[in-house]
Amino acid sequence: MALTRAERETFLAEPHIAALAVDAQAGRAPLTVPIWYQYEPGGEVWILTGLDSRKNKLIGEAGRFSLMVDRLEPTVRYVSVEGPVVGTLTATEAHLREMSARYLPAEKVDGYVAFSQASHGDQVVVRMRPERWVSSDLGSV
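Note that the coordinates shown come from a computational prediction; the quantities given were computed from them, not determined experimentally. (Residues numbered from 1 in each chain as written. Predicted model: local features only at pLDDT ≥ 70, side-chain atom pairs only at ≥ 80, totals over all residues. Heavy atoms only, no water.)

**Here's the deal with the packing of aromatic side chains**
Then, number 1: Under the definition given, this model contains four aromatic pairs.
Then, number 2: Each ring, one from Trp36 and one from Tyr103, has its centre 4.8 Å from the other, and the planes form 10°; the classification is stacked. Note that Trp36 is positioned in the loop between strand 2 (31-35) and strand 3 (45-50) and Tyr103 in helix 3 (residues 93-103), a separation of 67 residues in sequence.
Then, number 3: If you follow Arg102 out to its NZ or CZ, it ends over the ring of Tyr37, 4.8 Å from the centre. (Phe/Tyr/Trp six-rings, centres within 6.5 Å; stacked < 30°, edge-to-face > 60°. Helix = DSSP H or I, 4+ residues; strand = E, 2+ residues; numbered from the N terminus. Lys NZ or Arg CZ within 6 Å of the ring centre and 35° of its normal.)

What follows is the structure, encoded as C-alpha cells:
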C-alpha cells in the first residue's frame, strides 16, 4: 500500500542509506550510488559530495536527482523521491558534523570528520526540493 504523506516524510527523515540516481548522459545508464543524506519532513533533502566528483558534475548538468531508501523489517517499505536542485553551496565542518552525527555513534564523529577533511577534498552541499514521491509498504514477507 502507498504511504501517506506523513508516513513517507517520516520514513525519509530516518537515517537510511539512500541510493542516489542521476542522469549520466546519452548512451549511459543513470549513475546510481549509495549516499548519506539529510531530510526533515516538509523540507528539502540535502547531500554532501565532492566538489570535483562525477556525481556533482552530473547533478549540475541534470539539475535534478532522485533518492530511494528502503528497509526489510519490520515490514518491506520504500520511499523514492525526485526533484530539482534548489541550491549548491560550499560544505562547512558544521555540515559534515551534522551528517556524520546522523549516521555514526557520537564517539565516532570527531574521527570521521578529521578523516573526511583530510581525505575527501573540497565538498559541496546540494539541496533538492522533493517534487515526486513513490512509496509503498508491502507488509511482512
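**Considering the side chain of Arg102**
Then, number 1: Take Arg102: it is sitting in helix 3.
Then, number 2: Although buried, Arg102 forms no salt bridge, and the nearest oppositely charged side chain, Glu98, lies 7.7 Å from it.
Then, number 3: Among the polar contacts listed, one links the side chain of Arg102 to the backbone oxygen of Ala13, at a separation of 2.8 Å.
Then, number 4: Beyond its immediate stretch of four places on either side in the chain, Arg102 contacts Leu12, Ala13, Glu14, Pro15, His16, Tyr37, Gln38 and Tyr39. (Buried < 20%, exposed > 50% of the residue type's maximum accessible area, 1.4 Å probe, protein only. Lys, Arg positive; Asp, Glu negative; His and termini not counted. Salt bridge = Lys/Arg side-chain N within 4 Å of Asp/Glu carboxyl O. Polar contact = N/O pair within 3.5 Å; in protein donor to acceptor, adjacent residues only side chain to side chain. Contact = heavy atoms within 4.5 Å.)

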